[in-house]
Amino acid sequence: MIYVLLGVSLLFVIIGFIVTEGNAQYLLAGYNTMREEDRKKVDISALISFFRRFHLFLGISLLLLGTATSYLISEEAGGIFLALYPILAYLYFIVIARKYSRGVGKVGNSISIIILAVTLLAVAGLLGYGLQENALIIEPSAVIIKGNYGETLTAADIAGIALVDQPPKISYKTNGFALGSARKGYFRTSDQEVVKLILNANQEPVILFTKTDGKKIYYSAKRASNEEIIDEIQQALPDKVQTP
């Protein structure tokens with residue numbers, strides 16, 4: 001997480017110094033689409049100065065506050081901060097930057113604010129949904145993994161269920177959600193195998209479901225113990241659980 005924070009923070013600082021009065025007509029969003037007579041109404045010198053101060057502050061504050069949030073609260077909280085803080089900051093930037101435009105581009109600014117506000121709500125919703133625990137429901141002839149990337153595993157679908165010390169080493173995500181210890185979706189392992197992870201928390205050992213088609217699902221609960229869960233599964237599907 002610290003490397004992501006450092007990279008994003010550095011990017012914001014660089015952006016602050018890339019845009020100048022000389023190239024604003026090409027690089028500064030909103031200003032670069034104005035007619036020439038409208039550009040003359042903009043205090044571009046003051047706007048660029050504000051633009052630079054804003055991005056310098058955004059980059060430094062993102063790194064400091066994001067790092068503090070990650071270490072003092074959790075890596076998940078740091079990821080949420082990283083996703084939402086820049087959007088909130090740009091909402092502030094658009095509102096304050098309007099005073100340098102003397103009314104020019106008012107409609108466009110209002111649209112930008114609406115778009116950012118909707119984006120903020122959408123990102124917050126997606127993060128909340130992704131971090132919500134995927135509950136595991138045990139039935140007499142099936143195991144149901146609820147939530148995002150969940151599925152129903154009938155007795156006929158399951159070749160074996162076992163507790164393993166830890167999930168496989170992951171090279172990268174192919175299609176899924178990953179934030180802190182929460183990892184859900186499809187990931188490619190260091191052995192180039194694609195597996196499904198439903199890891200709600202960093203809890204080990206984890207439960208491995210091997211399907212009859214050879215596909216693997218690694219599951220870890222957030223609140224309950226994985227050992228207790230597999231004991232419950234063994235009572236419902238005793239012929240599927242593999243004991244050491």
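Here's a quick rundown of the structure. The model shown is predicted, which means the values in this text are computed figures rather than measured ones.

Along the chain, the regular secondary structure elements total seven helices and nine strands. Across its three principal axes, the chain shows a C-alpha extent of roughly 80 × 30 × 30 Å. For the chain, long-range pairs separated by at least 24 residues make up 55% of all intrachain contacts whose partners lie at least 6 apart in sequence. Within the chain, the 21 negative side-chain charges are centred at a point lying 14 Å from the centre of the 23 positive side-chain charges.

The next point concerns empty space enclosed by the protein. Per the stated rule, a full pass over the model turns up one cavity of 30 Å³ or more. In terms of lining residues, the largest cavity is bounded by Pro167, Arg183, Leu199, Ala201, Asn202, Gln203, Glu204, Val206 and Ser220. For the lining of the largest cavity, the residue count by class is four nonpolar, three polar and two charged.

Our next topic: the nonpolar core. A general trend in soluble globular proteins is that nonpolar side chains are found buried together. Counting 34 residues, the largest nonpolar core has Ala24, Leu28, Tyr31, Ile44, Leu47, Leu62 and Phe93 as its most contacted members. Listing elements by their share of this core, those giving two or more residues are α1 (2–18), α4 (44–72), α5 (75–97), α6 (106–131) and β5 (170–179). Sorting elements by how many residues they give to this core places α5 first, with 10 residues. Every residue in contact with isoleucine 44, bar those within four places of it in the chain, is listed here: Glu21, Ala24, Leu28 and Tyr31. Ile198, Tyr219, Ile229 and Val241 belong to the second largest nonpolar core, which has 17 residues in total.

Their axes nearest at 7 Å, the elements α1 and α4 cross at an angle of 170°. Considering the angle they form, α1 stands roughly antiparallel to α4. Counted together, Ile2, Leu5, Leu6, Val8, Ser9, Phe12, Val13, Ile15, Gly16 and Phe17 of α1 and Phe51, Arg52, His55, Leu56, Leu58, Gly59, Leu62, Leu63, Gly66, Thr67 and Ser70 of α4 form the full contact between these two elements. Considering only residue class, the contact of α1 with α4 consists of 13 nonpolar, seven polar and one charged.

All chains considered together, the criterion is met by nine aromatic pairs. Where phenylalanine 54 meets phenylalanine 93, the ring centres are 4.9 Å apart and the plane angle is 40°; that geometry is what we call tilted. Residue phenylalanine 54 is located in helix α4, and its partner phenylalanine 93 is located in helix α5; the two are separated by 39 residues in the primary sequence. For the pair phenylalanine 54 and phenylalanine 93, a shared accessibility class is recorded, and that class is buried. Aromatic side chains tyrosine 90 and phenylalanine 93 sit 6.4 Å apart centroid to centroid with 80° between the ring planes, which places their arrangement in the edge-to-face category. Separated by three residues within a single helix, tyrosine 90 and phenylalanine 93 lie in helix α5, roughly one turn from each other. Ring pairs connect the aromatic residues Phe12, Phe50, Phe51, Phe54, Tyr90 and Phe93, which therefore count as one cluster.

Contact geometry for α1 and α5: axes closest at 12 Å, N-to-C directions at 15°. One element, α1, and the other, α5, form an angle in the roughly parallel class. In this structure, the crossing between α1 and α5 has a hand that is right-handed. Along its contact with α1, which presents Val4, Leu5, Val8 and Phe12, the element α5 presents Leu82, Pro86 and Tyr90.

Now for the pattern of salt bridges. Applying the stated criterion across every chain yields a total of four salt bridges. As a salt-bridge pair, arginine 223 and glutamate 133 come within 2.5 Å of each other at their nearest N and O atoms. Highlighted residues: arginine 223 in the loop between β9 (216–220) and α7 (226–236) and glutamate 133 in the loop between α6 and β1 (136–139), separated in sequence by 90 residues. Residue class for glutamate 133 comes out partly exposed when judged on its relative accessible area of 21%.

Residue glutamate 204 is joined to proline 205 through a cis peptide bond whose omega torsion reads 0°. By the element assignment, proline 205 lies in the loop between β7 (194–199) and β8 (206–211). The phi angle at tyrosine 149 is positive, at roughly 65°, despite the residue not being glycine. Along the chain, tyrosine 149 turns up in the loop between β2 (142–145) and β3 (152–154). For tyrosine 149, a relative accessible area of 23% corresponds to the partly exposed category. Although it is not a glycine, glutamine 192 sits at a positive phi angle of roughly 65°. Relative to the helices and strands, glutamine 192 resides in the loop between β6 (182–189) and β7.

Reading the values: the criteria
- Residues numbered from 1 in each chain as written.
- Predicted model: local features only at pLDDT ≥ 70, side-chain atom pairs only at ≥ 80, totals over all residues.
- Heavy atoms only, no water.
- Helix = DSSP H or I, 4+ residues; strand = E, 2+ residues; numbered from the N terminus.
- Contact = heavy atoms within 4.5 Å.
- Lys, Arg positive; Asp, Glu negative; His and termini not counted.
- Charge placed at Lys NZ, Arg CZ, Asp CG, Glu CD.
- 1 Å grid on protein atoms, 1.4 Å probe; cavity = no way out; pocket = protein on both sides within 12 Å on 5 of 7 lines; lining within 4 Å.
- Points joined across faces, edges and corners; volume = space filled by probe spheres on them.
- Nonpolar A, V, L, I, M, F, W, Y, C, P; charged D, E, K, R; others polar.
- Core = buried A, V, L, I, M, F, W, Y, C linked by side-chain atoms within 4.5 Å.
- Buried < 20%, exposed > 50% of the residue type's maximum accessible area, 1.4 Å probe, protein only.
- Axes fitted to C-alpha atoms, helices over the stretch in contact; angles between N-to-C directions.
- Parallel < 35°, antiparallel > 145°, perpendicular 65-115°, else oblique.
- Phe/Tyr/Trp six-rings, centres within 6.5 Å; stacked < 30°, edge-to-face > 60°.
- Left-handed = near helix turned anticlockwise from the far one by under 90°.
- Salt bridge = Lys/Arg side-chain N within 4 Å of Asp/Glu carboxyl O.

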